[in-house]
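Breakdown of the fold
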2 protein chains.
Amino acid sequence: MAESARLVDLVQAGIDDFLDERAPELQAIAPELSTFIDYSRELLQGGKRFRALFCYWGWQAVHGRGAESTASDFGAVVSAASALEIFHAAALVHDDIMDNSDTRRGMPSAHKRFAGLHAEGGWAGSHENFGRSGALLLGDLLLDWSDELFDNGLRQLSTAVSAAAARREFNTMRTEVTLGQYLDVVEEQSWHTHPESEHLDRAHKVIVYKSAKYSVEAPLVIGASLGGASETQLDALRDYGIPLGTAYQLRDDLLGVFGDAEKTGKPSGDDLREGKRTVLIALARAKLPANARALLDELLGDPELSSRQVSVLQASIRDSGAVEHVERIIDHNVRLAIGAIANAPLSTSARDELVALADRVIRRAA
Amino acid sequence: MAESARLVDLVQAGIDDFLDERAPELQAIAPELSTFIDYSRELLQGGKRFRALFCYWGWQAVHGRGAESTASDFGAVVSAASALEIFHAAALVHDDIMDNSDTRRGMPSAHKRFAGLHAEGGWAGSHENFGRSGALLLGDLLLDWSDELFDNGLRQLSTAVSAAAARREFNTMRTEVTLGQYLDVVEEQSWHTHPESEHLDRAHKVIVYKSAKYSVEAPLVIGASLGGASETQLDALRDYGIPLGTAYQLRDDLLGVFGDAEKTGKPSGDDLREGKRTVLIALARAKLPANARALLDELLGDPELSSRQVSVLQASIRDSGAVEHVERIIDHNVRLAIGAIANAPLSTSARDELVALADRVIRRAA
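Residue positions are given per chain, counted from 1 along the sequence in the order it is written. Labels are handed out in written order, letters beginning with A for the chains and numbers beginning with 1 for the ligands. Local features in a predicted model are, by the rule used here, given only for residues with pLDDT of at least 70; side-chain atom pairs are given and counted only at 80 or more, and totals for whole chains, interfaces and linings are based on all residues. Calculated side-chain values reflect all of the structure's heavy atoms, with hydrogen atoms and water omitted.

**Some points on the overall build of chain A**
Here is the rule: In this text, helices come from DSSP runs of H or I with a minimum length of four residues, and strands from runs of E with a minimum of two, each type numbered from the N-terminal end. Here the radius of gyration uses the C-alpha set of atoms, whereas the globule reference equals 2.2 Å times the residue count to the power 0.38. Only protein chains enter the area calculation, which uses a 1.4 Å probe; residues under 20% of their type maximum are buried, those over 50% are exposed, and those in between are partly exposed. When checking whether two residues touch, look at their non-hydrogen atoms; a contact exists if any pair is within 4.5 Å.
When helices and strands are tallied, chain A shows 16 helices and 2 strands. For a compact globule of 366 residues, the expected C-alpha radius of gyration is about 21 Å, and chain A comes in at 21 Å, within 12% of that figure. Expressed as lengths along the three principal axes of its C-alpha atoms, the size of chain A is roughly 65 × 60 × 35 Å. A total of 366 residues make up chain A; the buried ones form 62% of that total. A sequence separation of at least 24 residues applies to 76% of the contacts in chain A between residues at least 6 apart.

**Focus: the pattern of salt bridges**
Residue and element names in this part refer to chain B. For clarity, the cut-off: Criterion for a salt bridge: a side-chain nitrogen of Lys or Arg within 4 Å of a carboxyl oxygen of Asp or Glu.
Inspection of every chain in the model, using the stated rule, returns 64 salt bridges over all chains. Where D96 meets R104, a salt bridge forms, and the shortest distance between an N and an O atom there is 2.8 Å. In this structure D96 comes out as buried when scored by relative accessible area, which is 2%. Between E188 and K276 there is a salt bridge; the shortest N-O distance is 3.3 Å.

**Some points on the relation of the copies chain B and chain A**
Basically, it comes down to this: Least squares is the method used to superpose the copies, on C-alpha atoms of residues holding a pLDDT of at least 70 in both.
Screw-axis analysis of chain B against chain A gives a translation of 0.0 Å along the axis, an RMSD of 0.0 Å, and a rotation angle of 180 degrees. Taken together, the rotation angle and the small translation identify this as a two-fold axis. Both copies share a contact surface, since 100% of the interface residues of chain B are interface residues in chain A too.

**With respect to the packing of helix α15 (residues 322-342) of chain B against helix α16 (residues 348-363) of chain B**
All names here are of chain B. Filter applied, for reference: Here an axis means a line fitted to C-alpha atoms, over the contact stretch when the element is a helix, while the angle between two N-to-C directions is reported on a 0 to 180 degree scale. Roughly parallel covers angles under 35 degrees, roughly antiparallel covers those over 145, roughly perpendicular covers 65 to 115, and oblique covers all other angles. Asp, Glu, Lys and Arg are counted as charged, while Ala, Val, Leu, Ile, Met, Phe, Trp, Tyr, Cys and Pro are counted as nonpolar; the rest, among them Gly, fall into the polar class.
The contact between α15 and α16 brings their axes to 10 Å, and the two run at 170 degrees. By the angle between their directions, the pair α15 and α16 is classed as roughly antiparallel. From α15, I330, V334, I338, I341 and A342 reach across to α16, where they touch R351, L354, V355, A358 and I362. Per-class residue counts for the contact of α15 with α16 are 9 nonpolar, no polar and 1 charged.

**A short note on the packing of aromatic side chains**
Residues and elements named next belong to chain A. The condition that has to hold: Aromatic pairs are defined between Phe, Tyr and Trp rings, using the six-membered ring for Trp, whenever the two ring centres lie within 6.5 Å; interplanar angles under 30 degrees are classed as stacked, those over 60 as edge-to-face, and all others as tilted. Throughout this description, the term charge over a ring refers to an Arg CZ or Lys NZ atom that lies within 6 Å of the ring centre and within 35 degrees of the ring normal.
Per the stated rule, a full pass over the model turns up 36 aromatic pairs over all chains. Seen from their ring centres, F18 and W145 are 5.9 Å apart, and the 70 degrees between their planes marks the pair as edge-to-face. Of this pair, F18 sits in helix α1 (residues 2-29) while W145 sits in helix α6 (residues 127-156), and the two are 127 residues apart along the sequence. The same class applies to F18 as to W145, namely buried. Geometry around F258 places R318 over its ring, the cationic atom sitting 4.5 Å from the centre. When the ring centre of Y248 is taken as origin, the NZ or CZ atom of R364, which lies over that ring, is 4.2 Å away.

**What to know about the environment of D95 of chain A**
All names here are of chain A. When you line up the elements, D95 lands in helix α4 (residues 71-99). Classification of D95 as buried rests on a relative accessible area of 16%. Each C-alpha atom, one on D95 and one on T70, is 38 Å from the other, the two residues being 25 residues apart in sequence. Each residue touching D95, except ones within four places of it in the same chain, is listed here: R104 and Q181.

**Let's talk about the interface of chain B and chain A**
Defined as follows: Buried area counts how much accessible surface, traced with a 1.4 Å probe, disappears from two parts once they are put together, with both parts' losses summed. Any pair of nitrogen or oxygen atoms within 3.5 Å is treated as a polar contact; in protein, a donor-acceptor pairing is required on top of that, and neighbouring residues in sequence qualify only through side-chain atoms on both sides.
Listed per partner, the contact involves 53 residues of chain B and 53 residues of chain A. Buried area between chain B and chain A, both sides added, is near 4,800 Å², and the carbon and sulfur share of it is 64%. The tally of links from chain B across to chain A stands at 10 salt bridges. Residue R167 of chain B pairs with D147 of chain A through a salt bridge whose shortest N-O separation is 3.4 Å. For the pair chain B and chain A, the interface holds 18 residue pairs in polar contact (both at pLDDT 80 or more).

**Here's the deal with helix α2 (residues 34-43) of chain A**
Taken residue by residue, α2 of chain A has T35, F36, I37, Y39, S40 and L43 of chain A as its buried positions. Where α2 of chain A is buried, its residues meet α1, α4, α5 (110-121) and α6 of chain A together with α7 (160-190) of chain B.

**Notes on the environment of V221 of chain A**
All names here are of chain A. As for its position among the elements, V221 is in helix α8 (residues 196-226). Taking the relative accessible area as the measure of exposure, V221 reaches 1% and is therefore buried. C-alpha separation for the pair V221 and A236, spaced 15 residues apart in sequence, amounts to 9.9 Å. Non-local contacts of V221, meaning those with residues more than four positions away in its chain, are made with E169, L234 and R238.

Below, the structure written as C-alpha cells:
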C-alpha cells in the first residue's frame, strides 16, 4: 500500500509538472487561455487513480520489485500512468456533455464551469452553448495532452519493442472506449427496439467495452507491456482485468442508482434520471411483474424525476432481487479475477497488491 | 500539378486503406459501429486537401525531387499527409457541433446524420442530443485515428531525429488549433466587452491560431521536418506559411459572408447568422457610420436572419469599403508569402508549386 500511495503522489506530481509546463505557453498566446489550465488542474486533482495504479502494478507484476530497474524505465511508467489519468479526465469532460451531467465529484462539471464564465462575463449568446463548446475543446486538448505525455514516457523507456507494444495497447484502448461509449448511448435510447432476450447481452457488451477493458484491463496491459510482458503474463492479466473491470462497472451501476450523493459527488439516483440501461436494469426488468416493469419503463430516463419517484424506483429494483443478483455476479467476477493470477508467473508483491486492489474496486462507495 | 494530383490520389488511398483495416475490427465489436466507418468515409471523400499538399510540398522543398528518396520515406510523408486530413475531419465534426452547422460541403453534418439515425430508428430521447453525442464521439475517434496514422508514418521514416521533430510540430499544431478555436468562440460572444481599439488585433490573433498556423504553416513545417529541414529552411517556410495562411482565412471570411452556396456547400451568409467576429467585420464596423454600425451589431449573430436581412448586411459591409480593404490585405500577405521563399534554399520545383498553391488558396470559391 505504501508503494501504491507513493505512485499516486508521483502521478499527481507528473500531471502537475506537465500542466506547469503548458501554462506559460498558453498564457503567451492569450491570457484567457489560462482557463484551460485552471480547469484541468481542478479536474486532475485527486480521484481514485485506479487506472494509474493498474498501469503501475501491471508493470511491477512483470518487472518485479527485486529486478533491476533503471530510473528512466520507472519514469516511463509514471508518465504513462499520468497520461492515462489525463485521458480519463478528457473522457469525463466529454461524457458529462453527452449526459448533461451538471456535477462531477461534487463540483460543477466542465461545461457548467464554462457556462458560468459566459454568464459572469455578460457575453452574448447562450450560456449553455458556450459551456458545451468550451468543454468540448477542453476535452480535445486533454486528449492531445494525454497522448503527448504518454509519448514522453515511451521515449524514456529503454526497450523500443516494449514501447511499441505499449503504444499499440494504448491506441486500442482509446478506440474501444470511444466505441463503448457510443454503444452505451445507443443502448440507453434504442433498448426498446431490441428483443427482450438480448437486453442482458447488450448491456454486458457495453460494460466490457466502456468499462472493463478501459478501467482495468487496458491500464494493466499497458503497464505490463512497458515491462516487456510475455504472452503468458499478458493472458493472466487480461483474465484478471476483464472480470474485475466488469465487477467494477457493476458496482458503479449500483452506486448510480443507490449511491450516497455525499460520497459519489453525483445526485442520488442519477442513472435513473439519465435512463442508463445497465445489467442491473435488465435483471430487474426480467424479474419484475408486468405492472412494476411498465412503471419502471415509464419513469426511467425522465430527467425530471422527483426524489419520491427515485425512491419508488429504488425500492422496486431492490424488491425485484436484482441487487442481490448483481452482487452475486460481482462476487463471481472477483473470484474469477483473483483466480486468474493465483498461479500466474507474476511478481508476488504485485499479485498481493492486485488482490487488495480487487477488494478496493468492488467495496468502494464512490 | 501532376505531382500534386498524384499526391491527392495517394492520400485518398491512404485514408481508404486505414478505414478498410478498421472496418472489420469495429464490425466484430458490434454491427451498429459500422456507422462510424460509413460517416468517416463520406467525410473523408474529396475536399481540397490543402493540408496534405502543404505537408507534401514542405517535404519536397527540403528533400528535392532529384534527391535520393527511399520508398519508405515517401510512404511516411503520404501517411503524415493522410493523418492531417483525418485530423481535419475530426476538427470539422467538432466545429459543426459548436457552430450548430447543419451542412458541410452541401451534405448533412455529422451531428445531423446521427440525429437522423436516431429519428429513423424510433429511439427514445432527443434526436438532437443523440446527434451531438454521436458526432462528439466520431470526432474523438478521428482524433485518435489521425494520431495512429501519423505514428504509422513516423515509424516508416529512416531518420529518428526527423520523426521526433515532425511529432513535436504535430503536437504543437493540435494544441494551437484547439486553443485558436476557443479564442474564436470567445471573440464571437465577448467582442462587445473589449475596447473597439482591440477588435482588429483580437480578430487577427484568432486567424493566426485557428487558421494560418493550422491550415498552412503547420502542415508545411511537419512535411519539412520529415525531410530533415534546417532552421533556415524552416524559417523560410514559416515566413511563407503564416501570411499565406492569414490570406487563406481572410478569403474564407469573405466566402462566409458573400460565398455562393452552390460552391461553398454552406448557406449564403452563414457567418452572418453565426455572428463570427472576423477581420472583415472589425474593418466594416470601423468604417461604417454609427447608424449602419448599430444595425450590423443588432443583426449579426441572429440565427434567424432572413435572406433579405442577409442581403442588407452584405450590401452594408460591401459599401463600407471593408471588402476591398480585406482584398488588399490578402494581396499583401500573398506577396509576403511568395517573397519569403523567392531566394530561400528550397528545391526549385517546390518553390514553383508553392507559388501556384498560393494562387489556388486565395482564388478559390469554396
